[in-house]
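The chain contents come next:
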Amino acid sequence: VDGRADVYSLGATLWKLLSGSTLGAAHPRADLAGDCPAPSHLPRALTRLVAKLTDYDPASRPATLGEVVALLGPWCRGADPRGVLD
């Protein structure tokens, strides 16, 4: 277990905040396969981002906080997410 477990937890929390549901059957990866629709208010790119953070294969998740910050950056609308690294 390494920091990618924390990346998964962040992705799961983000999904709950965005969709109102836990991952379970509504996992964004299922949505990407067309099995389970994402909430209609979520942009597909954001669904893909959460799917990357919560990928079943830890090696497919971002390995560092810097990578996560880079992925989340475009969604922070004027905020500077790099501040969390200070």
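Residues numbered from 1 in each chain as written. Predicted model: local features only at pLDDT ≥ 70, side-chain atom pairs only at ≥ 80, totals over all residues. Heavy atoms only, no water.

1. Thoughts on the overall build of the protein
1) Next: When helices and strands are tallied, the protein shows four helices and zero strands.
2) Next: Counting only carbon and sulfur atoms, one obtains 58% of the accessible surface of the protein, whose full area is about 5,200 Å². (Helix = DSSP H or I, 4+ residues; strand = E, 2+ residues; numbered from the N terminus. Areas by Shrake-Rupley, 256 points an atom, 1.4 Å probe, with all protein chains shown as cover.)

2. A few points about the packing of helix α1 (residues 3–19) against helix α3 (residues 44–53)
1) Next: Their axes nearest at 8 Å, the elements α1 and α3 cross at an angle of 145°. Across the interface between the two elements, V7, Y8, G11, L14, W15 and L18 of α1 pack against L46, T47, L49, V50 and L53 of α3.
2) Next: Classifying every residue of the contact of α1 with α3 by side-chain character gives nine nonpolar, two polar and no charged. (Axes fitted to C-alpha atoms, helices over the stretch in contact; angles between N-to-C directions. Contact = heavy atoms within 4.5 Å. Nonpolar A, V, L, I, M, F, W, Y, C, P; charged D, E, K, R; others polar.)

3. Re the pattern of salt bridges
1) Next: Per the stated rule, a full pass over the model turns up one salt bridge.
2) Next: We note a salt bridge from R4 to D2, for which the minimum N-O separation is 3.8 Å.
3) Next: Overall, the relative accessible area of 21% leaves R4 in the partly exposed class. (Salt bridge = Lys/Arg side-chain N within 4 Å of Asp/Glu carboxyl O. Buried < 20%, exposed > 50% of the residue type's maximum accessible area, 1.4 Å probe, protein only.)

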